[in-house]
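Coordinate analysis (summary)
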Amino acid sequence: MTVIRLVLIASLAFAGPALAQKAKPAAGTETPAAAPVEEKPAPYDERLERLSEILGAVHYLRNLCAGKAEDDWRAAMQRIIALEAANEPKRQEKLTAAFNRGYRSFAAIYTACTDSAVVAEERYRNEGATLATEITARFGN
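Let me sum up the structure you'll find in this document. As the structure is a computational prediction, the values presented were derived from the model and not from experiment. (Residues numbered from 1 in each chain as written. Predicted model: local features only at pLDDT ≥ 70, side-chain atom pairs only at ≥ 80, totals over all residues. Heavy atoms only, no water.)

Digging into the overall build of the chain
Of the regular secondary structure elements, the chain holds 5 helices and 0 strands. The N-to-C order of helical and strand elements in the chain reads α-α-α-α-α. Counting over 141 residues, the chain shows a buried share of 24%. A sequence separation of at least 24 residues applies to 76% of the contacts in the chain between residues at least 6 apart. Per element, the accessible surface of the chain, about 10,400 Å² overall, is 58% carbon and sulfur. (Helix = DSSP H or I, 4+ residues; strand = E, 2+ residues; numbered from the N terminus. Buried < 20%, exposed > 50% of the residue type's maximum accessible area, 1.4 Å probe, protein only. Contact = heavy atoms within 4.5 Å. Areas by Shrake-Rupley, 256 points an atom, 1.4 Å probe, with all protein chains shown as cover.)

Structure follows, in structure tokens:
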């Protein structure tokens, strides 16, 4: 059994450098390197970031004040990221950061559901609905 292990380890050790080498392409068949995708901000990115922040705040507040855990607002944020920034990592990061900022801003203030938390959640939901309507009315297809 130890001989088989020794032979296996030795063969892997000797094959390692050969496996690590890249095969050279045949002359004239070089493929060009993939051009990096240029990420241009959309004209509504600031509004979309604000909407993301609102979704984060509402997600926190709804879960704080609801009797059971809700995942709808985070799921909505994931859908927005998938639709708006699927192949744009920097936009994904900005939208995710905005969502987290909204979540954390209320997590730092409210540890229990209060009347002011309920009012804040309602106001944020209204602002989010208005913002979503404005974005789709102005920039939607």
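Focus on empty space enclosed by the protein
All chains considered together, the criterion is met by 1 cavity of 30 Å³ or more. In this structure, the largest cavity encloses a volume near 30 Å³. In terms of lining residues, the largest cavity is bounded by Asp45, Glu49, Arg91, Lys94 and Leu95. With 3 residues, the single largest contributor to the lining of the largest cavity is helix 4 (residues 89–107). Looking at the lining of the largest cavity residue by residue, the class counts come to 1 nonpolar, no polar and 4 charged. (1 Å grid on protein atoms, 1.4 Å probe; cavity = no way out; pocket = protein on both sides within 12 Å on 5 of 7 lines; lining within 4 Å. Points joined across faces, edges and corners; volume = space filled by probe spheres on them. Nonpolar A, V, L, I, M, F, W, Y, C, P; charged D, E, K, R; others polar.)

Overview of helix 2 (residues 45–65)
The end-to-end C-alpha separation of helix 2 is 30 Å, in line with the 30 Å expected for 21 residues at 1.5 Å each. For helix 2, the complete set of buried residues consists of Asp45, Leu48, Leu51, Ser52, Ile54, Leu55, Gly56, Ala57, Val58, His59, Tyr60 and Leu61. Taken together, the buried residues of helix 2 touch helix 3 (72–84), helix 4 and helix 5 (115–139). (Expected span 1.5 Å × (residues − 1).)

Looking at helix 4
Every α-helical turn comprises 3.6 residues, leaving residues that sit three or four positions apart pointing alike. The end-to-end C-alpha distance of helix 4, which contains 19 residues, comes to 26 Å, matching closely the 27 Å that a straight helix rising 1.5 Å per residue would cover. The complete set of buried residues in helix 4 reads Arg91, Leu95, Ala98, Phe99, Gly102 and Phe106. Taken end-on, helix 4 shows its buried residues confined to a sector of 90°, consistent with a single buried face. Those residues of helix 4 that are exposed and angled more than 90 degrees off the buried face are Lys90, Glu93 and Arg104. Buried residues along helix 4 sit against helix 2, helix 3 and helix 5. (Arc of directions from axis to C-beta.)

A word on the state of the cysteines
Under the counting rule described, the total for this entry stands at 1 disulfide. The partner cysteine of Cys65 in its disulfide is Cys113, sulfur to sulfur 2.0 Å. Disulfide Cys65-Cys113: the torsion about the S-S bond is 105°, which places it as right-handed. Separated by 48 residues along the polypeptide, Cys65 in helix 2 and Cys113 in the loop between helix 4 and helix 5 bring together distant segments of the chain. (Disulfide = S-S within 2.5 Å.)

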